[in-house]
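# Structural description and commentary
Listed below, chain by chain, are the residues.
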Amino acid sequence: MMTIARLFGKSPFAPLQSHMKKVSLCVEKLTKIFDSLEENEKLQRLVTDLSQLEHEADLTKNDIRNQLPKSIFMPIDRSHFLEILALQDSIADVSEDIGLTLSLRPLVNYELFAKDLQAFVKKCIEVFWDTKRIIEEIDELLESSFGGIEAEKVKTMVEETAYKEHKAQKEKLKLLKKLYNEGESLSSAAFYHWLRVIEEIGILAQVSEKLANRIRMVLETK
Amino acid sequence: MEFTLILTIIVLLVGFYMAWNIGANDVSNAMGTSVGSGALTLKRAVIIAAVFEFSGAYFLGSSVSSTMQSELIDVTRFAADPDTLIFGMCGALLGTGIWLQIASYFGLPVSTTHAIVGAIVGFGALTLGITGVEWGMIGSIASSWILSPIMSGFISYLIFSILQRNILFALNPAHATKRLIPILLFFVFGTFALSMIFNGIGRFNVNFTLPQALLLSTVIGALAFAVGLLVVRRIKIPKTSLETPSRLIPFKLISLEKAIKHLRRVRTGSIDETHNKITELLEQMHNIKRDMRQKTRFSKRTTEYDLVEKAFASMQIISACFVALAHGANDVANAIAPVAAVIDTIQNGVSASAAAVPSWLLAFGGVGIIVGLATWGWRVIMTIGRKITELTPTRGFSAEFGAALTILLASKLGLPISTTHCLVGAVLGVGLARGIRALNLRTLKDIALSWVITLPASALMSVICYFILKSILV
C-alpha cells in the first residue's frame, strides 16, 4: 500500500555532492604537497595519503553508478549525469597523477622556478574551487528545475571559472618559457620531469573548467 | 428473520472493515505528499483529511456507489432468487477483505477498487454466466483505469510546466508568484466547482444546465480570484531583492543577450558593408554585456525561491483538501456499494431500477474511513511523509491538482478508479517536466502487476466465500 512512497527513487545528486567533497579532499592534499616540496619524507607520506583519498573517491563513484539503475528517471539526462560524475572523478585522478609525478624524484633547480610554479599552482587550484562551488549550487538548481535566476547565477559562475582557467593557462605559458630558457642547464631527465609536472597541473585546471561547462549544458537559459 | 439479521450484521461489519482499510491505507495518498513537503503538520493533515474525506463520501459518494451496486452485473436476473445476490455480495465483500489482507501480508501493490470490482464480476460471472456481466460498463471502467493515470499525469505536467515557465524560470520569482496566484486560484476553484456541479451535486437535488454550471463556476472562481488578490497584497517581498539598482536589473541583461542572438542571425545572412557594420555592433554589445554581467548580482536574488515555496505551501493545502474530497467520493463506494446492495435486497427484494444508496450508509462509510484514519492511517501518512522529500510545495501542488481533478471527474461519472494510480500518474507528470530528482519507474511495473494479479485473485476469493457462505447458511 506504499506505492507512492516506493515511486520515489534514491536521488543521486546528494551522493554526487559528497563525491565532490572527497575529490576536494584530494585537491587539498595536493595543496599541502606543493607546500612541502622541499621535505622529501613528508612529501612521500602526503602522496600515499593522496592515493588513499583518490581510491575512496573511486569507491564513491562506483557506488553512485551502482545505485543508478535503468529504472530511475531523473530531471537531467542520464548520460549528462554520468559524464559530470566521470569528469569530477578525473579531477581526483589528475591530482593523484601530479602527486605521483612529484614523488618520483625531487624537482631539480626548484628555487629557480619556485615563485612561478607556486603562482601557477594557485591559479589552477582556484579554478577547481570555483567549480566545486558550482556543484554545490545543484540543490538550488533542482529547486528551480535548472532555469530562471538560479541558472543565470550558475551561468555567471561558469563564465568566471572559464576566465580563471584562461588566466591559469597564461601563467603556464610563462612558466614553460622560463623552463625552455633554462633548458640547457638541466639534464634531460630533470627537464622532462619539470615538463610533465607543469602539463599535469595544467590539466587539473582544464578538467575543472570542463566540468563547470558540463553543468552549464544542463541549464535551461533562454 | 434471524437469518437476514445475521447477514445484515455480517455485511455491515465487513463493510466497516473495508472502510477502515481505506482510511488506514489510502488516505495517506492524499495527505502524505502534503506532510512530506512540509505544507501541513501531521495533526492538521489528519483533521483536514477527516473533514474532507467524510464530506466527499457523504455528499458526493452516491454515483460511484450506485454504479458498483447495480451496473457491474445484471442484478435484475436475480429477481427470482434474491438470496443468491445477498450471498454473492457478502462473498464479494468478504473475499475482497481476505484478499487485501493476504496481499498486504506479501507486500503486493493492490488497489481496493480493483479488488472489489474483480470480486463482484467474479461472483456475477459464476452465478449468471458470462452473459450476466455488463461488459459494456466493465469496458468503460477498465479504460478509465488506463486513462485516469494518463490524464492526471497530463494535467500535472501542464500545471508544473506553467509554474516553471512563469515562476521558477522567471527572473523575479517573488513578483511572478504574486501575479500568478490569484489567476491560479481562479482556475483551481473554477474547475473544481465545475466538475462538482455538473451532472447535479451528489445528494442535493439540484441540476444545472451546462451554461448555468459554467456561469456558477466562473463566479466561484472570480470570488477565489478576489480573495487571492487581497491575500497576495499582504505578502511582503524581502528588501534584498529590490536593492539592485534599476539600471542593472537582471532581465535587462537577458534582453541584451537576446538582442545579440538576433544580431548574430542577421549577420549570418548578410554580406559586405552590412556584415561589417553588424560585426562591429556585435563587438560593442559583447563589451557592454561583459560589463553588465560583472555588475549584476544574480546571487542575491536566489533567496526569492523561499518565498515562492511558502506561498505554494498554502496552495498545496487547498489542493490536498480537494484530493481528500475526491478520494472520499470515489473510494467510499468500495466499502458500501455491496453493503447497500445486500441491505436493499433484504428490505425490498430485487428491483430493476438502481435504488438510491441510503444516506445513512454513506455516512457509515465516511465514519469507517475516519476511524481507519484515526487508528492506523496517521501512522502511514507519517511514514510516507517522511519518505517523500522530493515534493516541494510547487511540485506537490501540481501533482495533487492533477490527481484531484481526475478523481473528482471520475467520481462524477460514476467510474470507480484507483486514486493511488492517479497520484502515481500525476507525480510522473511532474517528473517529466524536470521537476523531481529521481523517480523509480519500477512502480509502473507494480501497477501493471496489480492489474494482472488483483482481478482474478479477488474474483476467485469472492467465489470461494460465496460457496462457503451458501453451504453454512442454507
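Residues numbered from 1 in each chain as written. Chains lettered and ligands numbered in written order. Predicted model: local features only at pLDDT ≥ 70, side-chain atom pairs only at ≥ 80, totals over all residues. Heavy atoms only, no water.

### Re the overall build of chain A
Note the following rule: Put simply, DSSP H or I for four residues or longer makes a helix, DSSP E for two residues or longer makes a strand, and each gets a number counted from the N terminus. The classification of residues rests on relative accessible area computed with a 1.4 Å probe and restricted to protein chains. Under 20% of the type maximum is buried, over 50% is exposed, and intermediate values are partly exposed. What makes two residues a contact is simply this: any of their non-hydrogen atoms within 4.5 Å. The method behind every accessible area is Shrake-Rupley, applied with a 1.4 Å probe, and residues are considered shielded solely by the protein chains displayed. Neither His nor the chain ends contribute to the count of charged residues, in which Lys and Arg are positive and Asp and Glu negative. For charged residues, the charge sits on one atom: NZ in Lys, CZ in Arg, CG in Asp, CD in Glu.
Within chain A, the regular secondary structure consists of 8 helices and 1 strand. Secondary structure elements in chain A, listed N-terminal to C-terminal, are α-α-α-β-α-α-α-α-α. In terms of overall dimensions, chain A has a C-alpha envelope of 75 × 35 × 20 Å along the principal axes. Within the span of chain A, comprising 222 residues, buried residues form 56% of the whole. Restricting the contact set of chain A to residue pairs at least 6 apart, pairs at least 24 apart contribute 82%. Accessible surface for chain A amounts to roughly 9800 Å². Of this, 51% is attributable to carbon and sulfur atoms. Placing the 32 positive and 37 negative side-chain charges of chain A at their respective mean positions leaves the two points 2 Å apart.

### Re the nonpolar core
For the record, the criterion: As used here, the term nonpolar core means buried Ala, Val, Leu, Ile, Met, Phe, Trp, Tyr and Cys residues forming a set that is joined through side-chain atoms within 4.5 Å.
One finds Phe 8 of chain A together with Met 31 of chain B to be the most contacted residues of the largest nonpolar core, which totals 130 residues. Other than its neighbours up to four places away in sequence, Met 31 of chain B contacts Leu 40, Ala 45, Ile 48, Ala 49, Ala 320, Ala 324 and Ile 381 of chain B.

### Considerations on the packing of aromatic side chains
All names here are of chain B. Using the following cut-off: Classification of ring pairs uses Phe, Tyr and Trp, with its six-membered ring standing for Trp, and accepts pairs whose centres are within 6.5 Å; under 30 degrees between planes counts as stacked, over 60 as edge-to-face, and the remaining range as tilted.
Taken as a whole and assessed by the stated rule, the structure comprises 17 aromatic pairs over all chains. Here the aromatic rings of Phe 397 and Phe 401 are separated by 6.0 Å at their centres, their planes lie at 35°, and the arrangement is tilted. Here Phe 397 and its partner Phe 401 are both found in helix H14 (residues 393-412), 4 residues apart, which amounts to about one turn of the helix. Each member of the pair, Phe 397 as well as Phe 401, carries the same accessibility label: buried. Summarising the aromatic geometry, the rings of Tyr 466 and Phe 467 are spaced 5.4 Å apart at their centres and angled 55° between planes, so their arrangement reads as tilted. Relative accessible area serves as the criterion here: at 3%, Tyr 466 is assigned to the buried category. By relative accessible area, which is 46% here, Phe 467 ends up partly exposed. One aromatic cluster is present, formed by Phe 189, Phe 192, Phe 312, Phe 322, Phe 397 and Phe 401 through successive ring pairs.

### Brief notes about a nonpolar patch on the surface
Residues and elements named next belong to chain B. The condition that has to hold: Patch definition: residues above 30% relative accessible area lacking any salt bridge, with like charges linked at up to 9 Å and the nonpolar side chains Val, Leu, Ile, Met, Phe, Trp and Tyr linked at up to 5 Å. What makes a salt bridge here is a side-chain nitrogen of Lys or Arg within 4 Å of a carboxyl oxygen of Asp or Glu, nothing more.
Taken together, the side chains of Phe 154, Tyr 157, Leu 158, Ile 162 and Leu 432 define a hydrophobic patch exposed on the protein surface, amounting to about 490 Å² of accessible area. The leading source of residues in the nonpolar patch is helix H7 (residues 135-168), at 4 residues. Structurally, Phe 154 is set in helix H7. Under the relative-accessibility criterion, Phe 154 is labelled exposed at 52%.

### Quick look at the packing of helix H3 (residues 42-60) of chain B against helix H13 (residues 359-387) of chain B
Axes are the key here: two packed helices are described by the angle between their axes and the distance separating the axes. All names here are of chain B. The line we're drawing: Throughout, an axis means a line fitted to C-alpha atoms (over the contacting stretch in the case of helices), and angles, computed between N-to-C directions, take values from 0 to 180 degrees. For classification, angles of less than 35 degrees are called roughly parallel, those exceeding 145 degrees roughly antiparallel, those between 65 and 115 degrees roughly perpendicular, and all remaining angles oblique. Put simply, a crossing is left-handed when the front helix is turned counterclockwise from the back one by less than a right angle, and right-handed when it is turned clockwise.
In contact at an axis separation of 9 Å, H3 and H13 are set at 160° when each is read in the N-to-C sense. Judged by the inter-axis angle, H3 sits roughly antiparallel to H13. Every pair of crossing elements has a handedness; the one defined by H3 and H13 is right-handed. Between H3 and H13, the residues in contact are Leu 42, Val 46, Ala 49, Ala 50, Glu 53, Phe 54, Ala 57 and Tyr 58 and Ser 359, Leu 362, Ala 363, Gly 366, Val 367, Ile 369, Ile 370, Leu 373, Trp 378, Ile 381 and Met 382, respectively.

### A short note on the interface of chain A and chain B
Just so we agree on the cut-off: Any N or O atom pair separated by 3.5 Å or less is treated as a polar contact, with the protein-specific requirement of one donor-capable and one acceptor-capable atom, and with residues adjacent in sequence counted only for side-chain atom pairs.
Between chain A and chain B, the contact holds 39 residues from the first and 51 residues from the second. In this structure, the salt-bridge partner of Arg 6 of chain A is Asp 446 of chain B, at a minimum N-O distance of 3.2 Å. On inspection of chain A and its partner chain B, the count reaches 12 residue pairs in polar contact (both at pLDDT 80 or more). Elements with a minimum of two residues in the side of chain A that touches chain B: helix H1 (3-7), strand S1 (72-73), helix H6 (138-143) and helix H7 (148-182) of chain A. The greatest single-element share of the side of chain A that touches chain B, amounting to 8 residues, is contributed by H7 of chain A.

### Quick look at the environment of Ile 167 of chain B
All names here are of chain B. Checked against the element boundaries, Ile 167 lands in helix H7. Residue classification places Ile 167 among the buried positions, given a relative accessible area of 0%. In sequence terms Ile 167 and Tyr 305 are 138 residues apart; their C-alpha atoms lie 9.2 Å from each other. Those residues within four positions of Ile 167 in sequence are excluded, and the remaining contacts are Ile 162, Pro 173, Ala 176, Thr 177, Leu 180, Val 308 and Phe 312.

### As for unusual backbone geometry
Notably, Asn 109 of chain A is not glycine yet its phi reads approximately 55°, a positive angle. Here Asn 109 of chain A lies in the loop between helix H4 (78-104) and helix H5 (110-136). Notably, Arg 434 of chain B is not glycine yet its phi reads approximately 60°, a positive angle. Summarising the element assignment, Arg 434 of chain B is placed in the loop between helix H15 (419-432) and strand S1 (439-440).

### A word on helix H9 (residues 210-234) of chain B
Residue and element names in this part refer to chain B. How we decide: For a helix, the expected span equals 1.5 Å multiplied by the number of residues minus one.
Compared with the 36 Å implied by 1.5 Å per residue over 25 residues, the 37 Å span of H9 between its first and last C-alpha is a close match. Within H9, the full set of buried residues consists of Ala 213, Ser 217, Gly 221, Ala 224, Gly 228 and Val 232. The elements touched by buried residues of H9 are helix H8 (173-197).

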